[in-house]
Amino acid sequence: MATQTADEVMTGPRKAAVLLVQMGREASARILAEMRETEVEEIMAEIVRLQDVETTVAEDVLTEFHEMVKARAFVGQGGFGYARDLLSDSLGDDRAGEILSRISAAVMEMPFQFLHQADPRQLLSFLQDEHPQTIALVLAHMTADQASMVLSGLPSQLQADVAHRIAVMDRTSPEIIKSVEATLERKLSSVLQPSDLSEIGGLQPLVDIINRADRATERLILEGLEGRDPALAEEVRSRMFMFEDITGIDDRSIQLILRQVETNDLATALKGVRADVRDKVMKNLSERAAANLADEIEMLGPVRLSTVEEAQVKVVQVIRTLEESGQIVIARGGGSEDEFVA
């Protein structure tokens, strides 16, 4: 490993490596989790090669990153012309042109960019009458949060069909993507503010979408997939973390999780669960805390299933946050109308 000096040529991956080193372990881990495996490998190789980074090099990388982020924000707010004017005023024409040329190249490679500023409710009204394959193609190009909101609003049968198509989707020709993109952009123009095969879809995008959906939608999608393709449904479940999977978490991690969950949410989440799930939680509390929790669960009386599931989602969100930050490691897999849990 060697020292990175200001005289050395800085490639894109090397700049990314320097930036991640400056950001710290927790923030870097969250960023790497959103990257493709090949990108992670390339950047990690650069990090391994780094030992020391000159202060001036680190400052240059951070400055460039800040300028790129600011420029992207300007582009998103008012287009390239607006961004060029603002950047030229602060950085000069040459520097502004250099930054915008890199952003333009990156943006042009990404289909359906216009959807990032769209209201998911508007998208739902336009997409729900489209062919399921078209809906799947569009959702696979959206952010997981947006796609989850749209998928949640579709009829249950259509949800399952679209979810299945996202999961089995592999590669789509650029011509088809451009055709669908152009058609949708034309339809949405009144309500929105102004190579090789593309790799999209697959299991992980579907899992990301389902993870951000409410528990009822999650259950409907998995049940629909089970009816269409049991093997695929099982594989999706194996990549997800369900509330009942806490039985597979080690005791130290459970204790860390419990410290960040409100007692009333925990009591509601444990209402009507399997005995082994409740026991896993109780044994990681002090004797007094466990007794108090048991009393609170009993005092709740009958609770709507939807209320229990909402509380369980809160606990799962804590677990996912801790996992993403690297504080815990979890094992995945395992395990209608508004019902009541006595």
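The name an unreviewed UniProt entry gives the protein is Flagellar motor switch protein FliG, with Vallicoccus soli as the organism. Regarding the protein, the UniProt comment filed under Sequence similarities (unreviewed entry) reads as follows: "Belongs to the FliG family."

Visitor: Teacher, can you tell me more about the overall build of the protein here?
Guide: Looking only at helices and strands, the protein has 18 helices and six strands in total. Within the protein, buried positions represent 41% of all 342 residues. Accessible surface, the protein: about 18,900 Å² in total, of which carbon and sulfur atoms supply 50%.

Visitor: Sorry if this is basic, but what is going on with helix α7 (residues 132-141) here?
Guide: Side chains that are three or four residues apart share a direction in an α-helix, a result of its 3.6 residues per turn. A large share of α7 lies buried, amounting to eight of its 10 residues. When α7 is considered as a whole, its buried residues turn out to be Pro132, Ile135, Ala136, Leu137, Val138, Leu139, Ala140 and His141. Buried-residue contacts for α7 involve α6 (120-127), α8 (144-153), α9 (156-168), β3 (171-172), α10 (174-188) and α11 (203-211).

Visitor: When you look at the pattern of salt bridges in this model, what are you seeing that I'm missing?
Guide: Under the defined criterion, the tally for this structure stands at seven salt bridges. Among the salt bridges present, the one from Lys280 reaches Asp251, with a minimum N-O distance of 3.0 Å. Within this pair, whereas Lys280 is found in helix α16 (residues 275-282), its partner Asp251 is found in helix α14 (residues 251-258), the two being separated by 29 residues in sequence.

Visitor: What exactly am I supposed to notice about the packing of α16 against helix α17 (residues 287-300) here?
Guide: Helices that pack against each other are described as a pair by the angle of their axes relative to one another and the distance between those axes. Two numbers describe how α16 lies on α17: the axes approach to 10 Å, and their chain directions differ by 140 degrees. With respect to α17, the axis of α16 lies oblique. Contact residues: α16 offers Arg278, Val281 and Met282, while α17 offers Ala290, Leu293, Ala294 and Ile297. Considered class by class, the residues forming the contact of α16 with α17 number six nonpolar, no polar and one charged.

Visitor: Explanation requested: the confidence of the model for the protein in the structure shown.
Guide: Interpretation of this model should avoid reading the predicted coordinates in detail wherever pLDDT is low. On average, the protein scores 75 in pLDDT, and the residues at 70 or more come to 72%. When pLDDT is averaged over each helix and strand of the protein, the minimum, 47, is found for strand β1 (residues 2-4) and the maximum, 94, for α16. Confidence over residues 193-199 falls short of pLDDT 50; this stretch has 13 contacts with residues more than four positions distant or in other chains.

Calculation notes
Residues numbered from 1 in each chain as written. Predicted model: local features only at pLDDT ≥ 70, side-chain atom pairs only at ≥ 80, totals over all residues. Heavy atoms only, no water. UniProt positions renumbered as here; feature names shortened; annotations may be inferred. Helix = DSSP H or I, 4+ residues; strand = E, 2+ residues; numbered from the N terminus. Buried < 20%, exposed > 50% of the residue type's maximum accessible area, 1.4 Å probe, protein only. Areas by Shrake-Rupley, 256 points an atom, 1.4 Å probe, with all protein chains shown as cover. Contact = heavy atoms within 4.5 Å. Salt bridge = Lys/Arg side-chain N within 4 Å of Asp/Glu carboxyl O. Axes fitted to C-alpha atoms, helices over the stretch in contact; angles between N-to-C directions. Parallel < 35°, antiparallel > 145°, perpendicular 65-115°, else oblique. Nonpolar A, V, L, I, M, F, W, Y, C, P; charged D, E, K, R; others polar. pLDDT = per-residue confidence, 0-100.

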